[in-house]
Number of protein chains: 2
Amino acid sequence: MEKKSKNVINDKQAEILSSLKKLGTQIYNQLDNGVFPTINMPSRSTENIKYDPNHRQYVLGKKTVTRSARNIRHVKPFTQMAWAALFSNELTTHRKTSTLRDVYYSAQAYNMTFKNQQESNNIITDLETATGHAREEFHIFPEERSAVFGDLTIEYTVPGYEGKTLNLSAHPDGVLVGPALTTSKFIDTSADKVIAIEKGGLFTRFIEEKVHTKHKSILVLTSGQAPRQTRYFLRRLSDELKIPVYIFTDGDPWGMHIAMVIISGSANAAHLRNLNTPDAKWSGVWASDIVKYKLPSDPLDEVDIKRLHELQKDPRYQDDPLWQKEIKIFLKIKRKAELEAYARYGLTYIVDKYLPTKLV
Amino acid sequence: MEKKSKNVINDKQAEILSSLKKLGTQIYNQLDNGVFPTINMPSRSTENIKYDPNHRQYVLGKKTVTRSARNIRHVKPFTQMAWAALFSNELTTHRKTSTLRDVYYSAQAYNMTFKNQQESNNIITDLETATGHAREEFHIFPEERSAVFGDLTIEYTVPGYEGKTLNLSAHPDGVLVGPALTTSKFIDTSADKVIAIEKGGLFTRFIEEKVHTKHKSILVLTSGQAPRQTRYFLRRLSDELKIPVYIFTDGDPWGMHIAMVIISGSANAAHLRNLNTPDAKWSGVWASDIVKYKLPSDPLDEVDIKRLHELQKDPRYQDDPLWQKEIKIFLKIKRKAELEAYARYGLTYIVDKYLPTKLV
């Protein structure tokens with residue numbers, strides 16, 4: 001990053017930069033004191049990942065690991081992590097975004113080598129674990145993009161757009177959830193709820209049928225499994241606007257789990273907070289909806305059934321009796337149905353009849 | 001579609017509705033004349049799909065097929081197609097969008113049965129073939145969403161937004177390419193080129209590095225293989241703004257083919273026009289770029305090599321010596337490289353150094 005742009009550092013950046021500086025200072029101090037530098041962080045090994053019913057997400061236990069420059073096997077990952085911190089510091093200072101893929105290739109510009117992308121991904125996760133900040137805060141964003149639509153006025157903080165505002169209902173196809181949106185300030189909204197939807201066709205239907213005004217809602221398209229920055233965005237909507245989040249997915253184990261990951265996060269992100277929205281609700285399509293609405297459905301296949309048995313034992317599925325009940329019904333009726341199946345009663349049925357019963 | 005909204009029919013709608021009316025009138029006239037109704041259309045069988053070097057796309061030959069209500073085997077598809085025309089007429093009149101999946105389920109609201117979605121998809125393709133209009137014109141849109149960013153002011157024609165305008169640089173993450181965008185009027189632009197990019201991370205990089213102003217361009221994110229509506233949108237940008245379109249993909253047979261489908265379309269869409277942009281250019285990553293820039297690369301695997309041999313014989317790859325040359329180099333160096341590989345020379349290299357050499 002040759003170019004030094006004139007930058008006003010905002011509060012969020014300052015917090016992130018300070019966490020990196022802390023890491024760096026620690027290494028420098030150890031060197032000054034004539035000891036081999038070490039980095040301590042919580043262990044991410046399977047036996048140290050625990051479900052925490054209070055946080056309603058996976059968290060890391062008390063086991064820690066130490067990376068020491070004294071240990072010949074640690075020298076490489078130690079150096080790689082120091083480089084990752086340097087690179088993240090540059091990204092954050094200059095507010096340039098990148099992806100995990102970029103990190104892998106960028107290393108070569110610094111004569112830093114990673115065996116493969118898996119190795120560089122792991123080092124970024126180490127950095128997340130050591131600092132407690134998600135890589136998105138270091139400006140390393142996912143490749144995937146999802147979308148949002150509704151009456152929410154945001155104010156950008158990204159270079160070139162500072163202070164500019166946009167109302168997210170400006171474009172009736174929706175706007176992308178990317179770095180500019182997730183780092184924006186929420187200024188004003190008339191919405192009293194958020195509706196997250198798995199599929200693009202339904203997202204467009206909801207906009208056309210004016211769900212955003214009829215049900216005063218901000219609509220979020222997850223495009224299947226919600227990318228991390230979208231989960232972070234949903235959490236911000238929930239925390240900052242203090243409004244409920246309802247999730248609509250296909251009625252099958254995979255749709256159910258899309259909702260669960262939004263609510264309780266994933267084991268992979270046990271070292272992070274703020275990527276899940278514990279108060280969000282899975283609103284459908286439930287197995288019981290398939291029965292109640294006599295929805296056109298398909299038989300569950302073997303993989304679906306295997307998945308349901310896994311979910312039945314998953315600690316995230318123990319909190320709320322809804323999940324266990326619906327899993328049981330899925331296993332009993334052995335059918336699954338898509339959100340679009342409501343079109344069986346006309347295209348607007350899902351909005352006019354189904355939605356009002358679920359937003360309660 | 002119970003609700004009859006007050007509608008002003010615009011020119012485009014009128015054209016589509018008239019093509020459906022023509023189909024219906026023909027059936028009614030045949031019935032009035034006491035003959036079994038029939039529908040004639042070009043055959044889409046493999047031997048009737050030909051590459052047309054003038055149109056620079058696949059087209060259908062002179063063979064036709066007839067669906068006759070007299071033939072017992074034709075009665076079902078004939079009726080299904082008449083229903084599809086009715087349903088499309090309703091969607092178009094009320095300007096409601098749907099997806100292929102919706103069509104399948106909606107049929108049940110009319111007691112029309114399809115064995116499976118493949119069957120209803122085929123019937124929609126029949127309707128496209130018989131009328132010469134793409135299903136998107138009948139308001140049946142793909143599930144996939146891609147995105148756009150740049151200085152282009154559009155005026156919406158969708159209900160609730162008629163006459164409203166938006167400049168597509170309003171949201172620096174990009175806005176979705178959906179029904180509202182593809183049916184909008186293009187009002188004003190300072191751009192003198194379009195740059196289509198395969199990947200979300202690069203799309204964001206290009207926006208951050210101000211490619212839209214530095215290179216006066218409209219940026220289009222295809223998110224892998226461009227959805228049909230995005231290909232249609234690119235064609236409109238090329239035709240209506242009369243500016244060149246440059247395509248950047250990963251340097252491998254799959255990336256190359258993403259570019260080719262934008263340029264010359266697919267055999268599946270041989271019955272349609274305006275879904276391809278013959279004058280668009282594949283600008284990289286070329287096999288020769290991998291050599292020239294000493295890009296970090298991976299070995300081609302067996303599937304890649306098999307695919308290159310297929311493409312070598314594909315008629316679409318015969319027009320321009322560039323393709324044959326690059327395929328030969330791929331097969332010689334047996335390596336592939338991603339767009340992100342330029343990060344090897346720093347994150348901004350692709351924009352500062354590589355791009356200017358390609359936009360000529």
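Residues numbered from 1 in each chain as written. Chains lettered and ligands numbered in written order. Predicted model: local features only at pLDDT ≥ 70, side-chain atom pairs only at ≥ 80, totals over all residues.

Our focus in this paragraph is the overall build of chain A. In terms of regular secondary structure, chain A is built from 13 helices and 15 strands. Computed over C-alpha atoms, the radius of gyration of chain A comes to 22 Å, within 12% of the 21 Å expected from 2.2 N^0.38 for 360 residues, which places it in the range of a compact globule. Principal-axis analysis of the C-alpha atoms places the extent of chain A at approximately 75 × 45 × 35 Å. Sorting the 360 residues of chain A into buried and exposed places 46% on the buried side. Sequence separation of 24 or more characterises 73% of the internal contacts of chain A that already satisfy a separation of 6 or more. (Helix = DSSP H or I, 4+ residues; strand = E, 2+ residues; numbered from the N terminus. Rg over C-alpha atoms; globule rule 2.2 N^0.38 Å. Buried ≥ 20, exposed ≤ 12 C-beta atoms within 10 Å, placed from the backbone. Contact = placed C-beta atoms within 7 Å.)

We now examine the environment of S68 of chain B. Residue and element names in this part refer to chain B. Looking at where S68 falls in the secondary structure, it is placed in strand β4 (residues 64-68). Note on S68: 17 C-beta atoms within 10 Å, which makes it partly exposed. Considering only alpha carbons, one finds S68 and N40, 28 residues apart in sequence, at a separation of 8.7 Å. Not counting residues within four places of it along the chain, the set of residues in contact with S68 comprises F36, T38 and H74.

Let us now look at the sheet that holds strand β6 (residues 152-155) of chain A. All names here are of chain A. Strand order in this open sheet of three strands is β7-β6-β9, and the pairing throughout is antiparallel. Both edges of this open sheet fall to β7 (165-167) and β9 (185-189), since each of them pairs with a single strand only. When strand polarity is set aside, the average angle formed by the axes of neighbouring strands in this sheet is 25°. Direction of pairing for β6 relative to β9: antiparallel, over a ladder of four bridges. Across the sheet, the residue bridging to L152 is T189, located in β9. (Pairing = 2+ DSSP bridges. Axes fitted to C-alpha atoms, helices over the stretch in contact; angles between N-to-C directions.)

With that settled, the discussion passes to the sheet that holds strand β9 (residues 185-189) of chain B. All names here are of chain B. An order of β7-β6-β9 is seen for the three strands of this open sheet, with the pairing classed as antiparallel. This sheet does not close on itself; its edge strands, each paired only once, are β7 (165-167) and β9. Adjacent strand axes in the sheet meet at a mean angle of 25°, parallel and antiparallel pairs treated alike. When strand β6 (residues 152-155) meets β7, the two strands line up antiparallel, connected through three bridges. Each residue of the ladder has a partner; that of T153, found in β7, is N167.

With that settled, consider the relation of the copies chain A and chain B. Superposing chain A onto chain B takes a rotation of 180° plus a shift of 0.0 Å along the axis, which leaves an RMSD of 0.0 Å. The superposition operator between the copies reduces to a two-fold rotation axis. Among all residues of chain A, the minimum C-alpha distance to the rotation axis is found for V175 of chain A, at 2.1 Å. The share of interface residues of chain A whose copies in chain B are also at the interface is 100%, consistent with both copies meeting through the same surface. (Least-squares fit on C-alpha atoms with pLDDT ≥ 70 in both.)

A word on the interface of chain A and chain B. Contact residues are listed per partner, giving 48 residues for chain A and 48 residues for chain B. Elements supplying a minimum of two residues to the side of chain A that touches chain B: α3 (100-109), β8 (175-177), α5 (179-182) and α6 (200-208) of chain A. For the side of chain A that touches chain B, the element with the highest residue contribution is α3 of chain A, accounting for six residues. Looking at the side of chain A that touches chain B residue by residue, the classes come out as 21 nonpolar, 13 polar and 14 charged. (Nonpolar A, V, L, I, M, F, W, Y, C, P; charged D, E, K, R; others polar.)

In this section: the packing of helix α1 (residues 11-32) of chain B against helix α2 (residues 72-93) of chain B. All names here are of chain B. One can describe the packing of α1 onto α2 by two numbers: an axis separation of 10 Å at closest approach and a directional angle of 155°. In terms of their interaxial angle, α1 and α2 are classed as roughly antiparallel. The two elements α1 and α2 meet at a crossing, and its hand is left-handed. Along its contact with α1, which presents Q13, I16, L17, L20, L23, G24 and I27, the element α2 presents A82, A85, S88, N89, T92 and T93. Here the contact of α1 with α2 is built from residues that sort into seven nonpolar, six polar and no charged. (Parallel < 35°, antiparallel > 145°, perpendicular 65-115°, else oblique. Left-handed = near helix turned anticlockwise from the far one by under 90°.)

Attention now goes to the domain arrangement of chain A. Quite often, the size of an interface is put as the accessible area lost when its parts meet. Residues and elements named next belong to chain A. Here chain A is described as being made up of domain 1 (11-138) and domain 2 (147-358). Using only C-alpha atoms to locate each centre, domain 1 and domain 2 end up separated by 31 Å. Of the residues lining the interface, 16 residues belong to domain 1; the matching set on domain 2 comes to 19 residues. Of all the elements in the fold, those that place two or more residues in the side of domain 1 that touches domain 2 are β2 (49-52), β3 (57-60) and α4 (117-131). Its residues placed into classes, the side of domain 1 that touches domain 2 shows eight nonpolar, three polar and five charged. (Domains from an automatic or database assignment.)

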